[in-house]
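Coordinate inspection notes
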Amino acid sequence: MGLEVGEQFELRVTPDRYTTVRYAGASGDFNPIHIDEQFALSVGLPGRILHGLWSMAQVARAATDAAGGDPLALTELSVQFRGMGRLEQEIVVSGEVQAVSDARARVKLEARQGDTRLVRNAQAELLLR
Amino acid sequence: MSVPSDKVGKRYPPLTYAVGREKIREYAAATGFEHPLHHDLDTARAAGYADLLAPPMFVVVYCASLFQAALFDPELEIDFAHLVHGGQAFSWQQPVLAGDEITTTLTVKDISERAGLRFDTFETVSVNQRGERTAVGTWSTIIRGEEH
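We now turn to the structure provided with this report. Since the model is a prediction, treat every value here as computed from it, not as a measurement.

**Focus: the overall build of chain A**
Secondary structure assignment for chain A yields four helices and five strands. Listing each helix as α and each strand as β along chain A from the N terminus yields β-α-α-α-α-β-β-β-β. Viewed in the frame of its principal axes, chain A has a C-alpha envelope of about 50 × 30 × 20 Å. Taking all 129 residues of chain A together, 48% fall into the buried category. When contacts within chain A are restricted to residue pairs at least 6 apart in sequence, long-range pairs at least 24 apart make up 64% of them.

This is how it looks when you write it as C-alpha cells:
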C-alpha cells in the first residue's frame, strides 16, 4: 500500500439520532450528557453530545481507510478533543500524509462538524504493507 | 481547586477483561468499523486469526472501567462538574481477538496546575493472557477552576 507525502484523504460520517445510545451500550460509557436530552439541557448543553472517543474512532477509521483498510495498520493515534459533537450533523475527518519512511507513514488529521473542530492536532502512525 | 500532586505514581489494581465475539461486533457496528475481520468468522480464520479481530479503538472497551474507577477515586479529588476529556493517545502492539483476556494496569502520571486549570494524565498498559502487550493509553483530563 503506497502513501505519499502530501497525499490527502477524507472520511464523511453523519451520526444518526441513536448513535450515542448504541455507542453507550458498546463502550460502557453511559454518561447521561450523551443519551438523555433533558439531562443534557439541564446542565447547560445544547442537547445530547457525541462521546469524544466515538469521534476519535472516526479519526482512527479515516486513518486505517487511508492505509487500505487494514485494521492493524494503525500503530499510534493521539488526539486533542475540542468542540462538542452533535447528532444528525455531518462530520468531516480530513488527513494528510506528513512523512513516509521504512514502510511507516505519519499522518495528521482533524475532525470538523460545520464550524466546530471536534478533534484537532491528531497524529497517527500507519504501518504500510 | 485542589491539586493532589502527591498522588502522582499511584497505581490501581489490575483489571482483566474477557473479550467477547459479540462485543467486538457490537463495538465495531457502533463505530462504523465495517472491515469483515471484525464481523465475519470465516474471513478472520481465512486470514489466520483464531477468532474475530477487535478494531484498534476497542482498547477503550477493555480499559474504560479502570479509567472510570480512577476518576471516581476520592483521593484524586476530581470536580466532575468541571471535568473534560482533553486528549487521548494510544499505541498498539499485539492484535486483540475474541477469546483473549486482557489485563490492564492504570497509573497516575501527572497532576498539575497551569493558569487556573488542573491537568491530569493517566496511563494504561494492557497485556493479553500470554503477557504480550496489546496497547498503551494516555488519558488526559482538564478540570476548570470555578473562575473559568
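**Brief notes about the interface of chain A and chain B**
In this assembly, 27 residues from chain A lie in contact with 28 residues from chain B. Around 2,100 Å² of area is buried between chain A and chain B when both sides are counted, 65% of it from carbon and sulfur atoms. The largest contributions to the chain A side of the interface with chain B come from Ala 26, Pro 71 and Leu 72 of chain A, which together make up 25% of the buried area. Along the contact surface separating chain A from chain B lie zero salt bridges. At the boundary of chain A and chain B, one finds 10 residue pairs in polar contact (both at pLDDT 80 or more). Taken together, the elements giving at least two residues each to the side of chain A that touches chain B come down to α1 (19-27), α4 (52-66) and β2 (74-81) of chain A. Here the residues of the side of chain A that touches chain B are counted per class, giving 13 nonpolar, nine polar and five charged.

**Examining α1 of chain A**
Of the positions making up α1 of chain A, those classed as buried are Thr 19, Thr 20, Tyr 23, Ala 24, Ala 26 and Ser 27 of chain A. Residues of α1 of chain A that are buried make contact with α2 (32-35) and α4 of chain A together with α1 (21-31) and α3 (59-71) of chain B. Looking one or two residues past α1 of chain A, Gly 28 of chain A carries a phi angle of roughly 85°, positive in sign.

**Here we look at the layout of surface pockets**
Empty space left among the atoms is revealed by rolling a probe the size of a water molecule over them. Here the largest pocket defines a volume of roughly 1,300 Å³. Lining the largest pocket are 42 residues, with Asn 31, Ile 33 and His 34 of chain A together with Leu 83 and His 85 of chain B positioned closest to its centre. Residue assignment for the lining of the largest pocket shows that the elements contributing at least two residues are α1, α2 and α4 of chain A together with α3, β2 (83-92) and β5 (133-144) of chain B. When residues of the lining of the largest pocket are assigned to their parent elements, the largest contribution, five residues, is made by α3 of chain B. Looking at the lining of the largest pocket, its residues break down into 24 nonpolar, 15 polar and three charged. Approximately 240 Å³ is the volume attributed to the second largest pocket. Looking at the second largest pocket, it is lined by 19 residues, and the ones nearest its centre are Leu 72 of chain A together with Trp 92, Gln 93, Gln 94 and Pro 95 of chain B. Counting residues per element, the ones that place at least two in the lining of the second largest pocket are β2 of chain A together with α3 of chain B. Residue classes in the lining of the second largest pocket are distributed as 14 nonpolar, four polar and one charged.

**Topic: the pattern of salt bridges**
Any two side chains of opposite charge can pair if their charged atoms end up close together. Residues and elements named next belong to chain A. Applying the stated criterion across every chain, the model contains 19 salt bridges over all chains. Linking Asp 70 and Arg 129 is a salt bridge whose minimum nitrogen-to-oxygen distance equals 2.9 Å. Residue Asp 70 is located in the loop between α4 and β2, and its partner Arg 129 is located in the segment after β5 (116-127); the two are separated by 59 residues in the primary sequence. For Asp 70, a relative accessible area of 22% translates into the label partly exposed.

The rules behind each value
- Residues numbered from 1 in each chain as written.
- Chains lettered and ligands numbered in written order.
- Predicted model: local features only at pLDDT ≥ 70, side-chain atom pairs only at ≥ 80, totals over all residues.
- Heavy atoms only, no water.
- Helix = DSSP H or I, 4+ residues; strand = E, 2+ residues; numbered from the N terminus.
- Buried < 20%, exposed > 50% of the residue type's maximum accessible area, 1.4 Å probe, protein only.
- Contact = heavy atoms within 4.5 Å.
- Buried area = accessible area lost by both parts, 1.4 Å probe.
- Salt bridge = Lys/Arg side-chain N within 4 Å of Asp/Glu carboxyl O.
- Polar contact = N/O pair within 3.5 Å; in protein donor to acceptor, adjacent residues only side chain to side chain.
- Nonpolar A, V, L, I, M, F, W, Y, C, P; charged D, E, K, R; others polar.
- 1 Å grid on protein atoms, 1.4 Å probe; cavity = no way out; pocket = protein on both sides within 12 Å on 5 of 7 lines; lining within 4 Å.
- Points joined across faces, edges and corners; volume = space filled by probe spheres on them.

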